[in-house]
Amino acid sequence: MFVRQILAMIAIAAITLPASARTERWSVTGTGAEATVTDCTDCEEDMGLLVRCEAAGVPATLYVPFQALEEAPAEDAEPREIVFTVDGEPFSYMPEFELWGMIGHVPRIALKPSDPLVQALRAGRMVRIALGDAAVELPLKGSWVALAAFARTCPWGEGGEAAPSEAGMSDAEWQHYAFDNDDGGRDQVLTFGIPETDAWALNVTCEPGSVEAGATVMLALSFGEREDGEAAGIRIEAGDYAADLSGTVSIQSSEYAGVETRIGMEDGFWAALAGAETLAYGIAGEEARVIPLEGVGEPLGRFLGACRGETGGE
């Protein structure tokens, strides 16, 4: 009840904020059962949609403040259906209503990790939310990263634990090194992994001066029943950078397998790595993996200098 009172008080304050305070990019705040996702960043709680973690093993709660009613529906009134339409695909629910002070009675629904709406919100571009004759549209920019991060920290519904590929990676760090290849050259490698172990999340490889060829990016991802060489589209996001890339399952050994793609040396991806806080990647339409970019600056600079032929590398 205390959390709801706080939310109501914040919501009351939000009505006095200028419209310019709202940045329409999804974000996640808090950890564990205190985690929340909103459809905006730096919005001072002037939010159109909010997903709140509740407790271990139970669904999260999705609120739509932008569809608040001035008065609660009468007990004998016809049930009101709320419809979330993501890129043309509708998802219908029968909401309950919660009073948020002067904002009004906010519709809410229970949201499980397995709910198809979750995946639709992550993969879509726009959601239209209709309650009776009233409808609002919210862009889904950043929803993929925000909801993926929420799923890892919130112990909702069916668990919410970190994916197996994330386990034991708390000691991982960004590194740059080089090794001699079979052609007599010296490959440069940028990696995020645990030093002196086989634990890794991402490996990027290039040959010095290979600006046109670009870099090979190997991502530690679960590829299910896909076979070596099978196509697997990749989604990558870092800060304002977002790209859908063609990828291929690469099974090089029992300990080194994932999904491989190529990125040009002049692509905006590299600048995004240097400026963003996290990097999210995954097979398109499937669970995203998010890794921190803290500490990437120096090894990234050495790697790019060698790959672009600006320095001699290691």
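Everything quoted here is computed from the prediction, not taken from an experiment.

Details of the state of the cysteines
- Applying the stated rule across the entire model yields two disulfides.
- Between Cys53 and Cys154 runs a disulfide, and the two sulfur atoms are separated by 2.1 Å. Judged by the sign of its S-S torsion, about 85 degrees, the bond between Cys53 and Cys154 is right-handed. Note that Cys53 is positioned in the loop between strand S3 (50–52) and strand S4 (60–63) and Cys154 in the loop between helix H3 (143–153) and strand S11 (173–180), a separation of 101 residues in sequence. Here Cys53 matches Cys154 in class, with each residue buried.
- Disulfide pairing is shown between Cys206 and Cys307; the S-S distance is 1.7 Å. Residues Cys206 and Cys307 are joined through a disulfide that is left-handed, its torsion about the S-S bond being -90 degrees. Note that Cys206 is positioned in strand S13 (residues 200–206) and Cys307 in helix H5 (residues 297–307), a separation of 101 residues in sequence.

A closer look at H5
- Every buried residue of H5 is listed here: Pro299, Leu300, Phe303, Leu304, Gly305, Ala306 and Cys307.
- Two residues or fewer after H5 comes Gly309, characterised by a positive phi angle close to 75 degrees.

With respect to the sheet that holds strand S6 (residues 89–93)
- The strand order across the open sheet built from four strands is S6-S5-S9-S10, with neighbouring strands paired in antiparallel fashion. Looking at which strands have only one partner, the edges of the open sheet turn out to be S6 and strand S10 (134–139). Pairs of neighbouring strands in the sheet enclose a mean axial angle of 20 degrees, with direction left out of account.
- For strand S5 (residues 82–86) and S6, the ladder comprises five bridges, and the chain directions are antiparallel. Each residue of the ladder has a partner; that of Val83, found in S6, is Ser92.

Considering the nonpolar core
- Counting 39 residues, the largest nonpolar core has Leu202, Trp270, Leu279, Tyr281 and Phe303 as the members making the most contacts within it.
- The contact partners of Tyr281, leaving out residues within four places of it in the chain, are Trp144, Ala201, Leu202, Leu219, Ala220, Leu221, Arg235, Ile236, Ala288, Arg289 and Ile291.
- In this structure, Ala120, Leu131, Leu140 and Ala146 belong to the second largest nonpolar core, which totals 33 residues.

With respect to the pairing of strand S19 (residues 278–283)
- Burial of S19 is extensive: five of the six residues sit out of reach of the surface.
- Pairing of strand S15 (residues 234–238) with S19, which is carried by four bridges, proceeds in the antiparallel orientation. Of the residues in S19, the one forming a bridge with Glu237 is Ala280.
- Bridging between S19 and strand S20 (residues 289–292) involves four bridges; their strand directions are antiparallel. Across the sheet, the residue bridging to Leu279 is Ile291, located in S20.

What counts and how
Residues numbered from 1 in each chain as written. Predicted model: local features only at pLDDT ≥ 70, side-chain atom pairs only at ≥ 80, totals over all residues. Heavy atoms only, no water. Disulfide = S-S within 2.5 Å. Helix = DSSP H or I, 4+ residues; strand = E, 2+ residues; numbered from the N terminus. Buried < 20%, exposed > 50% of the residue type's maximum accessible area, 1.4 Å probe, protein only. Pairing = 2+ DSSP bridges. Axes fitted to C-alpha atoms, helices over the stretch in contact; angles between N-to-C directions. Core = buried A, V, L, I, M, F, W, Y, C linked by side-chain atoms within 4.5 Å. Contact = heavy atoms within 4.5 Å.

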